[in-house]
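Residue-level structural notes
Okay, here's what each chain looks like letter by letter:
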Amino acid sequence: MTDTTDAGRSTGASPVPDRPRLRMATAWLGGCSGCHMSFLDLDEWLFDLADRADIVFGPLADIKEFPADVDLTLVEGAVTNTDNLELAQAIRANTRVVVSFGDCAVTGNITALRNGMGAPDAMLQRVYVEHPDLAGVLPTEVVPELLPTAQPLHELITVDVYLPGCPPSAQRIRTALIALLDAMAAGEPLPRQWRAPEDLTFGN
Amino acid sequence: MNLTPPRPSGPRPNVPVILDGEEVMAFDGESILDLARRLGTPIPTLCYLDGLSVHGGCRLCVVEVNGDSRLPLACATPVTSEMEIRTDTSSLRDHRRRVVELLFAEGNHVCASCVSSGACELQDLAADSNVDHIHYALEFPRIDVDASHPKYVLDRERCVLCTRCVRVCDEVEGAHVWDIAQRGNRSTLVAELGKPWGEASSCTWCGKCVLVCPTGALSFKGRSTGEMRHDPDIVAFLASARDEGEWIDREEPSP
Amino acid sequence: MAGPIDLDHVTSLEREARSRYSHRALVCSSTACLSAGASGVRATLESDLEASDRSGDVQVVASGCPGLCSRGPLVRVESRGREPTLYEHVDETAASTIAQQHLIEDQDRAEVSVIEPSLPFYAKQVKVVLRNAGLIDPDRLEDYVAAGGYRALSTALRTMTPAQVIDEVDASGLRGRGGAGYPTARKWRLLHDAVADPGQPKYVIANGDEGDPGAYMDRTIMDSDPHRVLEGLSLAAYATGASKGYLYVRAEYPLAIERLERAIRSAKRAKLLGRNVLGSDFALDVEIRVGAGAFVCGEETALMASIEGRRGLPELRPPYPTERGLWQQPTMINNVETLANIPAIIGDGAAAFAAIGTPESRGTKVFALAGSLENTGLIEVPMGISLREIVFDMGGGIPDGRTFKAAQTGGPSGGCIPERFLDSPVDYEHLQELGSMMGSGGLVVMDDSVSMPEVARFYMEFCRDESCGKCAPCRVGTVKMFDFLDRICRGDGRPRDLWHLESLCKTVRATSLCGLGQSAPNPVFSTLDHFREEYVELLREESLAAPAPDGVVDRGSLPTWGDDA
Ligand SMILES: Cc1cc2nc3c(=O)[nH]c(=O)nc-3n(C[C@H](O)[C@H](O)[C@H](O)COP(=O)(O)O)c2cc1C
Ligand code: SF4
Ligand code: SF4
Ligand code: SF4
Ligand code: SF4
Ligand code: FES
Ligand code: FES
């Protein structure tokens with residue numbers, strides 16, 4: 001049905017007038033924003049996406065509170081500080097389908113490299129005090145408090161779909177989004193391998 | 001002491017067995033894995049390597065035989081007449097996927113910064129068993145990297161304890177530099193009872209351990225992300241060359 | 001060089017010597033009583049007697065364990081023409097009282113608390129393997145011989161072929177006491193029929209590793225009656241054609257090791273071991289190997305690796321040890337309690353043994369009774385006795401006004417049996433049906449204050465710490481199963497955690513290499529079967545915070561040898 005070989009080209013996910021527009025969000029937790037960059041690499045296809053969904057929250061849209069009644073949220077980054085945790089919980093409470101977007105969200109990845117160093121203090125000390133380029137004091141204001149460890153998103157909230165990659169390629173993002181948007185617009189259940197683990201049937 | 005792998009005998013396959021519902025002929029004494037490979041049926045493996053003894057530690061090659069609840073290892077079990085073997089039931093797939101996830105949970109597999117990304121047997125196993133995330137809390141262990149050897153690096157964060165390196169160094173190179181120290185989840189690969197690899201005088205710098213490693217744990221020094229290519233098949237070549245006394249040219253892998 | 005021991009002569013000398021004493025005071029000198037001060041008790045008895053003029057009339061003996069260890073130190077006094085008396089909680093003051101009133105003044109009883117023989121703890125026991133425990137001095141071969149010891153070996157060597165010995169064991173219905181209950185004669189036959197390489201011996205091994213937490217059945221058998229184990233091992237070797245035997249004992253059992261060593265020395269001197277045993281052609285050389293206390297070294301292939309001086313890692317089976325075992329030669333491993341049954345089977349005949357127990361599970365089983373009970377200690381009961389009799393009659397019920405909740409058998413490989421199955425017979429089949437197993441004989445009784453998820457977590461922690469690490473599902477799976485249990489017990493578990501715990505349990509059971517991993521999920525399965533609601537009550541919808549890094553596994557520094565605790 002759609003050409004999935006080249007991320008940039010316009011595809012068959014064209015707007016269907018009588019289909020309801022979906023409310024979509026993206027969120028940036030403890031990650032490098034590379035996944036969002038890859039999302040932007042979708043180029044013109046973003047216009048196709050805009051035909052089908054409104055972006056109601058995200059680093060690309062200047063809105064402070066996570067809105068209610070969101071159909072789909074792509075979450076980039078690990079949960080590494082208190083702000084991340086609050087946002088993750090708000091996302092879960094207000095989103096139908098939460099996508100763990102990119103390796104930091106899926107595994108902790110680079111953000112979680114600090115976990116092996118033990119308590120966060122050790123890392124802060126290393127980065128802010130021992131590091132020769134910086135002022136030599138620990139940050140106290142503005143920055144949110146670090147959680148004991150950085151964790152993959154699904155350790156803290158229930159996740160519906162996983163989209164790994166560091167970053168996931170634009171093509172992979174597009175393939176996933178098309179399948180998700182099609183399924184959601186048609187009111188179909190999510191593709192089988194994407195359902196939450198509770199619904200999978202395991203043998204034995 | 002590890003087992004020597006089952007070996008086929010006889011000029012032609014004459015043992016009737018049922019493999020995934022089809023009647024096929026196996027060589028007498030051939031392992032289930034060899035039979036399946038010969039017939040193009042994939043069975044996932046990690047610790048097994050042609051040319052080395054059988055370790056039986058990864059447990060990924062489990063198969064169902066005669067509907068028994070005991071799951072024999074394809075790599076260690078010789079085929080016997082009338083066996084009814086299933087290699088791909090839904091419960092086998094579930095077991096394998098969980099074991100692969102456990103291997104990820106145990107180490108620090110940051111593929112984004114790994115020399116072997118894109119050519120890693122663990123990654124391939126994950127893809128083949130539909131692992132898109134790890135259901136189990138990741139361990140995030142603290143493990144040393146050993147970069148003391150002039151030519152090679154051991155990154156223990158990526159070691160899956162398959163003991164291929166231990167076996168190739170002992171059984172093929174005859175040096176026995178490596179072994180596993182500690183037990184349980186503290187098991188660690190060590191050179192010469194715990195020396196830095198660079199100080200291990202028994203190492204001949206042959207590089208075989210690096211070539212057989214299925215992951216990014218052992219690599220050539222100086223490789224960057226995604227640049228490492230292993231060549232585990234070299235062992236089967238060396239073993240047959242040694243046994244047959246024939247050192248025919250072998251195609252080199254593309255770099 | 002002296003000839004072989006004349007068993008009847010030694011017995012009559014021993015009887016004669018004993019008849020010269022009017023009292024025989026046996027001070028339990030087994031592990032529990034020793035740590036409760038039994039040495040001081042014995043010294044007091046001896047010095048008080050020394051100071052009187054009666055010391056020539058009283059024999060003071062350091063004996064093995066009579067079983068009710070929670071009431072130790074125990075002192076048993078046998079007086080000529082009277083029923084024996086068993087004194088409990090004997091400290092040095094009580095010892096002086098016993099010495100003065102019972103031994104010196106020859107009163108019927110000293111004014112010291114006694115255990116009546118009618119106490120159900122004792123009255124319900126049937127003693128086969130423990131029949132000498134607490135009644136003889138384990139350090140004296142003569143004591144064992146006078147109690148009928150080595151008659152079975154002598155009879156077998158003189159009048160039975162090896163095949164006949166195996167047939168007798170077969171007729172007795174004896175099954176392995178090491179956990180799985182494999183028919184003993186079947187294993188013996190396999191070794192009997194196996195052929196070693198030319199010039200190489202076949203091996204028999206007594207498995208005294210006993211790694212289950214809280215279990216001490218085998219320890220007591222070894223330190224209270226070491227010659228019984230040697231005789232059982234000799235009979236096994238004779239029946240199977242083995243000429244080399246090992247006793248594998250964990251290092252935590254120094255007393256058992258010391259007593260076994262002494263027993264081997266005296267048995268060699270008496271030509272009960274070595275070449276031409278009792279003048280026959282049968283030869284057996286026995287050595288002790290001390291294990292460094294890893295649970296997995298009780299697994300037979302790991303045990304053999306350990307004896308050979310390699311890392312104690314389990315190996316793939318087949319080949320089974322009876323085909324290829326120690327140093328590639330045919331080998332048979334039997335549990336210590338299994339072997340301790342053999343002298344009775346050959347000595348008294350298979351029929352007498354088979355008369356005890358149930359048709360599928362013959363004979364007796366020794367249990368280490370522990371937990372919330374009035375009486376704890378070591379008991380030997382006929383197979384098929386009900387759990388209720390063990391808990392409420394022998395154990396004396398639950399103290400402190402609490403009620404019975406569950407009984408755990410089989411240790412880290414077993415399960416919990418809830419109240420409604422209290423009347424089930426205790427034998428291999430029934431325990432397995434209830435999702436538990438006989439195991440080696442730990443029996444822990446839990447009252448209503450115990451949380452079952454925490455019980456499961458306790459055993460999983462044990463398995464996690466004892467996993468050898470060779471195979472992935474057990475090495476990592478036990479860690480993750482523990483994590484789920486820990487999270488649930490802390491009240492931070494989510495519904496999906498329970499689901500993942502169960503599915504992981506299935507995978508670890510199905511795919512692990514050895515029995516440790518295969519059975520590690522059992523306590524989880526059994527507590528989920530019988531007490532699922534306790535898990536569900538602890539669950540919450542979402543986790544609240546990221547875990548703290550205190551659980552970080554540190555594999556950072558290279559291992560320092562010797563600290564692999
Ligand atoms: C992890 C593990 C630990 C074991 N520990 C013991 C032990 O401490 N003592 C024992 O007799 N058997 C133990 N076994 C069972 C032995 O492997 C073996 O089956 C037994 O000694 C055979 O003796 P039996 O036939 O007399 O029961 C263990 C098995 C496993 C898998
Ligand atoms: S070893 Fe393989 S799975 Fe592990 S980080 Fe490297 S590429 Fe990823
Ligand atoms: S380089 Fe060769 S000798 Fe050295 S550790 Fe590796 S396999 Fe052994
Ligand atoms: S270093 Fe590589 S080959 Fe060696 S045990 Fe680890 S994963 Fe296997
Ligand atoms: S099941 Fe556990 S103890 Fe047994 S071999 Fe595997 S890791 Fe070792
Ligand atoms: S490949 Fe067979 S157990 Fe690892
Ligand atoms: S140790 Fe003395 S009664 Fe058990």
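Residues numbered from 1 in each chain as written. Chains lettered and ligands numbered in written order. Predicted model: local features only at pLDDT ≥ 70, side-chain atom pairs only at ≥ 80, totals over all residues. Heavy atoms only, no water.

**Things to note about the site of ligand 2**
Let me state the cut-off plainly: Distances are taken per atom, and a residue is near a molecule or strand as soon as one of its heavy atoms is within 4 Å of it. When residue character is reported, Ala, Val, Leu, Ile, Met, Phe, Trp, Tyr, Cys and Pro are called nonpolar, Asp, Glu, Lys and Arg charged, and the others, Gly included, polar.
Every residue near ligand 2 is listed here: Phe104, His109, Val110, Cys111, Cys114, Ser117, Cys120, Leu122, Gln123, Arg158, Thr215 and Gly216 of chain B. In terms of residue class, the shell around ligand 2 is built from six nonpolar, five polar and one charged.

**With respect to the site of ligand 4**
Taken together, the neighbourhood of ligand 4 is formed by 13 residues, with Cys159, Cys162, Thr163, Cys165 and Cys213 of chain B sitting nearest. Looking at side-chain class alone, the shell around ligand 4 contains 10 nonpolar, two polar and one charged residues.

**A word on the packing of aromatic side chains**
Keep this limit in mind: Think of it this way: a Phe, Tyr or Trp ring, Trp meaning its six-membered ring, pairs with another when their centres are within 6.5 Å, and the plane angle makes it stacked under 30 degrees, edge-to-face over 60, tilted otherwise. Burial classification: accessible surface area is computed with a 1.4 Å probe over protein chains only, and a residue below 20% of its type maximum counts as buried, one above 50% as exposed, and the rest as partly exposed. Only runs of H or I of at least four residues qualify as helices and only runs of E of at least two qualify as strands under DSSP, and these elements are numbered from the N terminus. Counting as a charge over the ring demands two things of the Lys NZ or Arg CZ atom: a distance within 6 Å of the ring centre and an angle within 35 degrees of the ring normal.
For the coordinates displayed, the defined rule picks out 14 aromatic pairs over all chains. Between Tyr144 of chain C and Tyr150 of chain C, the ring centres sit 5.2 Å apart and the planes meet at 85°, which makes this aromatic pair edge-to-face. One exposure class covers both Tyr144 of chain C and Tyr150 of chain C, and it is buried. Where Phe392 of chain C meets Phe404 of chain C, the ring centres are 6.2 Å apart and the plane angle is 55°; that geometry is what we call tilted. With a gap of 12 residues between them, Phe392 of chain C in helix H16 (residues 387–394) and Phe404 of chain C in strand E12 (residues 404–409) connect regions that are remote in the sequence. Since its relative accessible area comes to 33%, Phe392 of chain C is described here as partly exposed. Each residue in the set Tyr152, Trp178, Trp197 and Phe220 of chain B is aromatic and connected to the rest through ring pairs, giving one cluster. Between the NZ or CZ atom of Lys365 of chain C and the centre of the ring of Phe367 of chain C, over which it lies, the distance is 5.8 Å.

**Some thoughts on the domain arrangement of chain B**
Residues and elements named next belong to chain B. Threshold: An automatic or database domain assignment is the source of the domain bounds shown. The criterion used for residue contact is that any of the two residues' heavy atoms lie within 4.5 Å. Once two parts are brought into contact, the accessible area they lose, counted with a 1.4 Å probe and summed over both, makes up the buried area. Salt bridges, as used here, are contacts in which a Lys or Arg side-chain nitrogen is within 4 Å of a carboxyl oxygen on Asp or Glu. For this analysis, a polar contact is any N or O atom pair within 3.5 Å, provided that within protein one partner can donate a hydrogen and the other can accept it, and provided that sequence-adjacent residues contribute only side-chain to side-chain pairs.
In terms of domains, chain B is made up of domain 1 (1–88) and domain 2 (95–227). Computed over C-alpha atoms only, the centres of domain 1 and domain 2 are separated by 26 Å. Listed by partner, the interface residues are 19 residues for domain 1 and 18 residues for domain 2. Regarding the contact of domain 1 and domain 2, the summed buried area is about 1,400 Å², with carbon and sulfur atoms giving 62% of it. Contact with domain 2 buries surface across domain 1, with Leu46, Leu52 and Leu60 losing the most and accounting together for 44% of the total. For the pair domain 1 and domain 2, the number of links is zero salt bridges. For the pair domain 1 and domain 2, the number of links is eight residue pairs in polar contact (both at pLDDT 80 or more). Here the side of domain 1 that touches domain 2 is composed, by residue class, of 13 nonpolar, five polar and one charged.

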